[in-house]
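Residues per chain, in single letters:
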Amino acid sequence: MKDLKQRHASLFLEVRCQDETPRLPLHSSIVVFLLSYSECKSFEVHLVSDKIDSSLTLQGQLPEFLALRDVRPEELPMLVRGCRLPAVLDETGTLCRAGLAVVLRHIINKSVETEPSKNDVRQLLGFKKTCLKACAEVSNWTRLCEIGIPSAVEEYLRNPNSQQHHPPPPAILTLEQRLSEPVKVHNDDKIRRQKLKQLRQNENNDSPEGSMDSDAGDGLELKAALAKLSVAAAPTPTTRERYEIRKVKTNDLPLLEHVFAEGLYFTLTDVVLLPCIHQYLVSCRLIIKACLTLHHLPHLLRWYSHVQEVPGVLRAAKACKITLAVPENALPLAAEPPVEGNLASPLEREEETTTQLPFVGGPRPTITKLKENGIEAAFAHHPCPEWTLPWDRLPDAMNPTEGKMSNIRTVRKRQQLNNLVAMVTQLAKPGYTVVDFCSGTGHVGIVLAHTLPLCQVILIENKEESLIRAHSRSVELGLQNIGFIQANLDYFTGPFQIGVALHACGVATDMVMEHCIKAGAAFVISPCCYGFIQNAVKFTFPRSKKFQEALIYKEHMMLCRFADQTAPQLPPERRLIGKQCMGLVDLDRSWCAESHGYRVHVMTMEPETCSPKNNMLVGRPSVEDGPH
């Protein structure tokens, strides 16, 4: 698309129509709010809608400094078209970042890169810069903030009248519960002792004002939070605390209360939540009129008030035409008990209510039990054990040595690549799109792009540092048939014919298989880290009906745990049991795929010594021919 070739990166935001009127969904509103808060001008903003004049209609609701353009869905660049929005496409058009958390973190990094003095923006990433870094597939907190609450509020906004007499959505209640819990922060001893001192001073204060101060400790936490943003002087005394304060044991100190979503300090999580909670409160008229729901959300309302004290929030809200207001009728925190009901996640509730048969521990009883049910690990014949890439003739940037590996690791990595590339080349046809999931620094995807010049190869990786390294290697090689996407698996929705993953950790193997099955694509996957397998949001273990009939969850987890016992330094007998457990776990996975119309082969990579995790699953829809 010629219009998108520019000096700045392109930011794509979804626009939806409600009663023929364009509006920004919450995930787009959140991105705009962060752009306004950080005053980031590094992007050309493209509003994606079937309506041509969305930018003109929405211009009065957006910050004036944004450079806006309209784009139709069918006009999107190929990489962006295959992702859920929001998304950012870099200046080269070959690296796309997709998904709310990934895009927001990139905006922060870009803003600080442009103006290093923006300490308040830098601090949004939190301690060790990990705020919302963990992907939603494995982090309950990221899933709640990135998906759960925005989705719940969007659902509420679609028909608020029908929910007028209902309690708040479960996601909102989960956040309320989180905000009510004590805060633990790094090196919090000093703040807790200051809080103890303040509480004792209030106890000794006989004035009516002092006796009525129910939030005596809250002021200190808020001061500490705002001091980090250079709003108020840090609450640190010039002299040592008195002996009666210093002698108190750490375990006896008062706990700290939430000021913001992550604890004491304002972070990206608060930026994500503010537009959602604001629209929810406005919709149920909590801000101007007390109602039953108000009694269930005291901590959330207090958080909403605290957020407005952060410098830059009101300015950003004004630029986004958001009118924030402090709830006038907020009740004291102890005035109303929390709403009745279980606030645990659906997964936790399922585990609590599921009745399980008695569990017999250890791998041998479980293996024997499966054998009695006619289930044994079996490995298919490797179709081309001697196949190898011409490593001596390949460019240096394509060699695993580029990743600064040791000589032994380099040889083993080459052997692993030989196995996966051999399988993919048998499956691939000209014009196919091959997706390298969990691509890391691009060892598999870059070799495939070079080996299959008539195919399009896309690398998908959640870690920005790894993907940037892979992108640099691709640029050095001059590859033209390759693209890069930084995103969680769920944010990639484009069509493809083959999915590949080398050492996909834990449930990542199952997520890749699920993605391939939904797309009707073949797959070549080498699993890893079986011990990290656990029930996830989308699926539970065992996966297949046959295994579910034979094993309970804990027995299957025993197999997964011992499947990791294959390291070369372990005794041979133990490694053999580990290999059996690997084969059984992957047999369960293969039978699950076969129930969806796939033919799957579980085989061992050659040579076996190329990796302790040397299993390889090769599957394709039954309508296709299997690997020769």
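Every value quoted in this text rests on a predicted model; they were computed, and no experiment measured them. (Residues numbered from 1 in each chain as written. Predicted model: local features only at pLDDT ≥ 70, side-chain atom pairs only at ≥ 80, totals over all residues. Heavy atoms only, no water.)

### Comments concerning the pattern of salt bridges
Enumeration over the complete set of coordinates arrives at 13 salt bridges. Residue glutamate 154 pairs with arginine 23 through a salt bridge whose shortest N-O separation is 3.2 Å. Pair noted here: glutamate 154 is in helix α6 (residues 140-158) and arginine 23 is in strand β3 (residues 21-23), with a separation of 131 residues, a long-range link. Classification of arginine 23 as partly exposed rests on a relative accessible area of 23%. Where glutamate 44 meets arginine 69, a salt bridge forms, and the shortest distance between an N and an O atom there is 3.7 Å. Taken together, the positions of glutamate 44 in strand β4 (residues 43-48) and arginine 69 in strand β5 (residues 67-71) put the pair 25 residues apart, joining distant regions of the chain. For glutamate 44, a relative accessible area of 13% gives the class buried. Given a relative accessible area of 32%, arginine 69 falls into the partly exposed group. Taken together, the shared-partner salt bridges in this structure form one network comprising Asp510, Arg543, Asp586 and Arg589. (Salt bridge = Lys/Arg side-chain N within 4 Å of Asp/Glu carboxyl O. Helix = DSSP H or I, 4+ residues; strand = E, 2+ residues; numbered from the N terminus. Buried < 20%, exposed > 50% of the residue type's maximum accessible area, 1.4 Å probe, protein only.)

### Some points on the confidence of the model for the protein
Averaged over the protein, the pLDDT score is 83; the fraction of residues at 70 or greater is 77%. A low-confidence stretch, residues 209-217 stays under pLDDT 50, and its non-local contacts, those more than four residues away or across chains, total twelve contacts. Here residues 231-235 is modelled with pLDDT under 50, and outside its nearest four sequence neighbours on either side it reaches ten contacts, counting other chains as well. (pLDDT = per-residue confidence, 0-100. Contact = heavy atoms within 4.5 Å.)

### Some points on the nonpolar core
Ile149, Leu268, Trp303 and Phe437 are the most contacted members of the largest nonpolar core, which has 135 residues in total. Considering every element that reaches this core, the biggest residue donor is helix α12 (residues 268-283), with nine residues. Sequence-distant contacts of isoleucine 149, defined by excluding residues within four places in its chain, comprise Leu144, Ala171, Ile172, Leu175, Leu273, Cys276 and Ile277. (Core = buried A, V, L, I, M, F, W, Y, C linked by side-chain atoms within 4.5 Å.)

### Side note on helix α22 (residues 553-563)
Within the span of α22, buried status applies to Glu555, His556, Met557, Met558, Leu559, Cys560 and Ala563. Tucked inside the fold, the buried residues of α22 contact α16 (363-372), α21 (545-550) and α23 (572-594).

### What to know about the packing of aromatic side chains
Counting across every chain of the model gives nine aromatic pairs. Ring centres of tyrosine 156 and tyrosine 280 lie 5.0 Å apart, and the angle between their planes is 65°; this geometry places the pair in the edge-to-face category. Taken together, the positions of tyrosine 156 in helix α6 and tyrosine 280 in helix α12 put the pair 124 residues apart, joining distant regions of the chain. With respect to class, tyrosine 156 is no different from tyrosine 280; both count as buried. With centroids separated by 5.7 Å and ring planes inclined at 20°, the aromatic side chains of phenylalanine 523 and tyrosine 598 adopt a geometry described as stacked. Residue phenylalanine 523 is found in strand β12 (residues 522-528), and its partner tyrosine 598 is found in strand β13 (residues 598-604); the two are separated by 75 residues along the sequence. Residue phenylalanine 523 shares its accessibility class with tyrosine 598, and that shared class is buried. (Phe/Tyr/Trp six-rings, centres within 6.5 Å; stacked < 30°, edge-to-face > 60°.)

### Comments concerning the packing of helix α7 (residues 170-180) against helix α13 (residues 298-307)
When two helices pack together, their arrangement is given by the angle between their axes and by how far apart the axes lie. Between α7 and α13, the least distance of the axes is 8 Å, while the angle of their chain directions is 75°. Here α13 runs roughly perpendicular to α7, going by the angle between their axes. Contact with α7, carried on its side by Ile172, Leu175, Glu176, Leu179 and Ser180, involves Pro298, His299, Leu300 and Trp303 of α13 and no other residues of that element. Considered class by class, the residues forming the contact of α7 with α13 number six nonpolar, two polar and one charged. (Axes fitted to C-alpha atoms, helices over the stretch in contact; angles between N-to-C directions. Parallel < 35°, antiparallel > 145°, perpendicular 65-115°, else oblique. Nonpolar A, V, L, I, M, F, W, Y, C, P; charged D, E, K, R; others polar.)

### Regarding the side chain of arginine 543
Locating arginine 543 in the fold gives a position in the loop between β12 and α21. What makes arginine 543 buried here is its relative accessible area of 18%. In terms of polar contacts, arginine 543 uses its side chain to reach the side chain of aspartate 510, at 3.3 Å. Here arginine 543 is in contact with Asp510, Gln548, Asp588 and Cys592, once residues within four sequence places are set aside. (Polar contact = N/O pair within 3.5 Å; in protein donor to acceptor, adjacent residues only side chain to side chain.)

### Overview of unusual backbone geometry
Cis geometry marks the peptide bond from leucine 85 to proline 86, where omega comes out at 10°. Structurally, the position occupied by proline 86 is in the loop between α3 (78-81) and β6 (87-89). Of note, the bond from phenylalanine 541 into proline 542 is cis; its omega dihedral lies within 30 degrees of zero at -5°. Within the element layout of this structure, proline 542 appears in the loop between β12 and α21. Phi at lysine 129 is positive, roughly 55°, even though this residue is not glycine. Owing to a relative accessible area of 47%, lysine 129 belongs among the partly exposed residues under this scheme. Even without being glycine, histidine 503 reaches a positive phi, approximately 55°. Checked against the element boundaries, histidine 503 lands in strand β11 (residues 498-505). Given a relative accessible area of 21%, histidine 503 falls into the partly exposed group.

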